[in-house]
Amino acid sequence: TGGHTTEILRLLSCLSESYSPIHYIFADSDKMSEAKIRAFEQKRAETFSNSKFTLDRIPRSREVRQSWTSSVVTTLYSMLYSLPLTYKLKPDLILCNGPGTCVPVCVSALLLGLLGIKRAIIVYVESICRVETLSLSGKILYYFSDYFIVQWPELKEKYPKSVYLGRIV
Amino acid sequence: FRFKDSLAEDLRRADLVISHAGAGSCLETLEKGKPLVVVINEKLMNNHQLELAKQLHRDGHVLCCNCSTLVETLQSMDLSTLKPFPPGQPEKFALFLDKVVGFQ
């Protein structure tokens, strides 16, 4: 959604041509991200003529400030979509930056890894808005991601297993 | 005005921006190199949304005030004290990711 999409597209902006195809996954309730993604990919195609991408939507796993218990239910519901989708895509690398949508996708990928079907590298980049505290997605994925990147030094101190590269968006 | 698709044009023409503490508004304004006064309404915003505005203020990139001190801030502000906001560096992320994935 919104800010998350803008941030993730900036993260992708300097990646080489080898990162292809890119599979974008976002919430079904998100009306604006598709246009942003298409605009970004159009520009990317000007430099990398062979770049490929796909777009997929899954149900939104959590509304802002939704209660914990109902969030677990809605996230499990989203997994009914994310699990077959992740199985179909079998990604080598998952890059996410915090919207609730990333939790069911990453959990699906972890499950596929545990079952020996496909092991993906999970890279989580916490939003630049997070200076002192982690988002809920961040708190969960800090333990389950392979690389957890923060953009402010205070978070690096609080979460020592994280990676700090400075501001990257 | 109500909602526009993009404020880019208005930002380009502005000499000063007065905004709420939303991250998108702050960053977009700072990246265009415009002086920014952030008005914080603690009652409306939840805590995490203030983190960025507070940090930007600590780093000297924005002026901060609340609704009741806005006029006074505008009257007494010295915009030359604001520090420029360097852009983020996604190239550092690309370098890092290349190592992680094994492209070198």
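Bear in mind that the values here come from a model prediction, so they are computed numbers and not experimental data.

Asks: It is not clear to me how the pattern of salt bridges should be interpreted in this structure. Could you clarify?
Replies: Counted by the stated rule, this structure contains nine salt bridges over all chains. Measuring nitrogen to oxygen at the nearest pair gives 2.7 Å for the salt bridge that ties Arg10(A) to Glu31(B). With Arg10(A) in helix 1 (residues 2–12) and Glu31(B) in helix 2 (residues 23–31), the pair connects residues from two separate chains. A residue is classified by how much of its surface remains accessible, and Arg10(A), at 32% relative accessible area, is partly exposed. Close ionic contact of Glu34(A) with Arg57(A) constitutes a salt bridge, the shortest N to O distance being 2.7 Å. Here Glu34(A), found in helix 2 (residues 33–47), pairs with Arg57(A), found in strand 2 (residues 53–58); they are 23 residues apart in sequence, far enough to count as distant. A cluster of three or more residues bridged by salt bridges with shared partners is formed by Glu34(A), Arg38(A) and Arg57(A).

Asks: Could you clarify how one ought to interpret the side chain of Ser78(A) in this entry?
Replies: Residue placement: Ser78(A) occurs in helix 3 (residues 68–89). Classification of Ser78(A) by relative accessible area gives buried; the value is 0%.

Asks: Could you clarify how one ought to interpret the packing of helix 3 of chain A against helix 4 (residues 102–114) of chain A in this entry?
Replies: In helix packing, the relevant descriptors are the interaxial angle and the interaxial distance, both defined with respect to the helix axes. All names here are of chain A. Closest axis-to-axis distance for the helix 3/helix 4 pair is 8 Å, and the angle between their directions is 55°. Taken together, helix 3 and helix 4 sit at an angle that is classed as oblique. Crossing angle aside, the handedness with which helix 3 passes helix 4 is right-handed. On helix 4, the residues touching Thr75, Ser78, Met79, Ser82, Leu83, Thr86 and Tyr87 of helix 3 are Val103, Pro104, Val105, Val107, Ser108, Ala109, Leu111 and Leu112.

Asks: Sorry if this is basic, but what is going on with the layout of surface pockets here?
Replies: Remark: the empty space left among the atoms is shown by a probe the size of a water molecule rolled over them. Space inside the second largest pocket adds up to approximately 880 Å³. Around the second largest pocket, the lining comprises 35 residues; the ones closest to its centre are Ile22(A), His23(A), Leu93(A), Ile94(A) and Leu95(A). Of all the elements in the fold, those that place two or more residues in the lining of the second largest pocket are helix 1, strand 1 (22–27), helix 2, helix 3, strand 3 (93–96) and helix 4 of chain A together with helix 5 (90–101) of chain B. For the lining of the second largest pocket, the element with the highest residue contribution is strand 1 of chain A, accounting for five residues. Along the lines of polarity and charge, the residues of the lining of the second largest pocket split into 23 nonpolar, ten polar and two charged.

Asks: I'm lost on helix 5 (residues 136–144) of chain A in this one. Help?
Replies: The periodicity of an α-helix, 3.6 residues per turn, causes residues three or four positions apart to be oriented the same way. All names here are of chain A. Those residues of helix 5 lying buried are Ser137, Gly138, Leu141 and Tyr142. Angular distribution of buried residues about the axis of helix 5 spans 135°; they occupy a single face of the element. On its buried side, helix 5 packs onto strand 3, helix 4, strand 4 (121–125) and strand 5 (147–150).

Asks: How do you make sense of the interface of chain B and chain A when you look at a structure like this?
Replies: Where the parts come together, the accessible area they lose is often given as the size of the interface. Each partner contributes residues to the interface: chain B has 26 residues there, and chain A has 27 residues. Summed over both sides, the interface between chain B and chain A buries roughly 2400 Å², with carbon and sulfur atoms accounting for 65% of that surface. When the buried surface of chain B facing chain A is broken down by residue, Glu51(B), Phe93(B) and Phe96(B) rank first, second and third, together holding 26% of it. Where chain B packs against chain A, one counts two salt bridges. Here Glu132(A) ties to Arg58(B) by a salt bridge, and the two come within 3.1 Å at their closest N and O atoms. At the surface where chain B touches chain A, the tally comes to nine residue pairs in polar contact (both at pLDDT 80 or more). Mapped by element, the contributors of at least two residues to the side of chain B that touches chain A are helix 2, helix 3 (47–58) and helix 5 of chain B. Looking at the side of chain B that touches chain A residue by residue, the class counts come to 14 nonpolar, five polar and seven charged.

Calculation rules
Residues numbered from 1 in each chain as written. Chains lettered and ligands numbered in written order. Predicted model: local features only at pLDDT ≥ 70, side-chain atom pairs only at ≥ 80, totals over all residues. Heavy atoms only, no water. Salt bridge = Lys/Arg side-chain N within 4 Å of Asp/Glu carboxyl O. Helix = DSSP H or I, 4+ residues; strand = E, 2+ residues; numbered from the N terminus. Buried < 20%, exposed > 50% of the residue type's maximum accessible area, 1.4 Å probe, protein only. Axes fitted to C-alpha atoms, helices over the stretch in contact; angles between N-to-C directions. Parallel < 35°, antiparallel > 145°, perpendicular 65-115°, else oblique. Left-handed = near helix turned anticlockwise from the far one by under 90°. Contact = heavy atoms within 4.5 Å. 1 Å grid on protein atoms, 1.4 Å probe; cavity = no way out; pocket = protein on both sides within 12 Å on 5 of 7 lines; lining within 4 Å. Points joined across faces, edges and corners; volume = space filled by probe spheres on them. Nonpolar A, V, L, I, M, F, W, Y, C, P; charged D, E, K, R; others polar. Arc of directions from axis to C-beta. Buried area = accessible area lost by both parts, 1.4 Å probe. Polar contact = N/O pair within 3.5 Å; in protein donor to acceptor, adjacent residues only side chain to side chain.

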